[in-house]
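This is what each chain is made of:
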Amino acid sequence: MLLSNIAILGGHPALPVLLMGTAAAGLLWAFILIRRTAGTGVRTGNKRPDPAHHEPGRRILSPWQLVRGLAGRLIALGLVAGLLWLNPFPQQPSGADGQTSGTSTEDATSITLAPEGKASAGIVFYPGARVASQAYQDILGPLANAGNLVVILKAPLGIPLLDANQARAAMDRHPEITSWAVGGHSLGGVSASTFAKSNLDVAGLLLFASFPADSMADSSDLKVLSISGSNDGLTTPDKVAASKPLLPPSAEFATVDGGVHAFFGDYGVQPGDGEPGISRELAQQQIAAESVRFMDRLQSPA
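Residues numbered from 1 in each chain as written. Predicted model: local features only at pLDDT ≥ 70, side-chain atom pairs only at ≥ 80, totals over all residues. Heavy atoms only, no water.

A.B. asks: Mind showing me how you'd approach the overall build of the chain here?
C.D. replies: Scanning the chain from N- to C-terminus turns up eight helices and eight strands. Relative to the compact-globule value of 19 Å for 302 residues, the chain shows a C-alpha radius of gyration of 25 Å, a clear excess of over 25%. Projected onto its principal axes, the C-alpha coordinates of the chain cover approximately 90 × 40 × 35 Å. Counting the 302 residues in the chain, one finds 44% classified as buried. Of the contacts formed within the chain by residues at least 6 apart in sequence, a portion of 68% connects residues at least 24 apart. A gap of 19 Å separates the mean positions of the 21 positive and 24 negative side-chain charges of the chain. (Helix = DSSP H or I, 4+ residues; strand = E, 2+ residues; numbered from the N terminus. Rg over C-alpha atoms; globule rule 2.2 N^0.38 Å. Buried < 20%, exposed > 50% of the residue type's maximum accessible area, 1.4 Å probe, protein only. Contact = heavy atoms within 4.5 Å. Lys, Arg positive; Asp, Glu negative; His and termini not counted. Charge placed at Lys NZ, Arg CZ, Asp CG, Glu CD.)

Now the structure itself:
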């Protein structure tokens, strides 16, 4: 995973540290097993041992030892399966013109797109689960070009829910911003909703194919825009419709006709998604345009 997926080393440091630690533990375990096997006097020749004759030095395993060994191997296999599941979707540039005309900087926990001039509004964006943060640069680039500061977070292990309060550090780094929104894609939108609900200095919430886990109906001062795709196979139209009562009554909704879940970033095709009825480029143009209008309204009087 470390050698084949560039998104791992380009993401939050938690995953590469976990992978390297697991590899080191695996090598240590192998070394211990080799030494233990060498010390039991196991014969390597072709002569079959006589079951009635127990050779000195040959260890006989008890039922408890057999169960413990099997459990250890099952746990190891489960860990490997979990690590494979954490393997993130890398960025797959779509070729769309989403480059910011300002500056782009990257550190261990975030990617920042800054406009050319002074920004008074900003948005902190939580990526979808197991999606490289770089996959959102092009679709969020127009927000920076429109004069907003954009901070794309790198979630620990690629799971935004592991640190739903991660946006706070990004906001504290930019005291010059007077109006903040948070946003997110899919599971990232759930984290953004949780943060917006508990932080009154957040003025807006931008949801990409997402909805909150808990009711935010009483957050009357929060401006909300939910953008979804009509052909999304994961955050389906039925799920979006059912979640509307969870958002403030003033929340606005926009639908990309023919759009799917993976069109809200540049990371290729996602398993379980629907079949698109529109091109990725046209869908992302609509998403970006709606997002820019939302940020413009965020700074206008209520």
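Next comes the rest of the description.
A.B. asks: Would you mind going over helix α8 (residues 280–298) with me for this structure?
C.D. replies: Over its 19 residues, α8 extends 27 Å from the first C-alpha to the last, a length consistent with the 27 Å expected when each residue adds 1.5 Å. If you check which residues of α8 are buried, you get Arg280, Ala283, Gln284, Ile287, Ala288, Ser291, Val292, Phe294, Met295 and Leu298. All buried residues of α8 lie within an arc of 165 degrees about the axis, which places them on one face of the element. Looking at the buried positions of α8, the neighbouring elements they touch are β3 (121–126), α4 (137–145), β5 (179–185), β6 (202–208), β7 (223–229) and β8 (252–256). (Expected span 1.5 Å × (residues − 1). Arc of directions from axis to C-beta.)

A.B. asks: Please explain the pattern of salt bridges as it appears in this structure.
C.D. replies: When the charged atoms of two side chains lie near each other, side chains of opposite charge can form a pair. One pass over the structure, following the stated rule, counts six salt bridges. We note a salt bridge from Glu106 to Lys154, for which the minimum N-O separation is 2.7 Å. A residue pair is termed long-range when its members are at least 10 positions apart, and Glu106 in strand β1 (residues 103–106) and Lys154 in the loop between β4 (149–153) and α5 (167–172) qualify at 48 residues. The buried category is assigned to Lys154, whose relative accessible area is 3%. Glu252 is paired through a salt bridge with Arg297; the nearest N and O atoms lie 2.8 Å apart. (Salt bridge = Lys/Arg side-chain N within 4 Å of Asp/Glu carboxyl O.)

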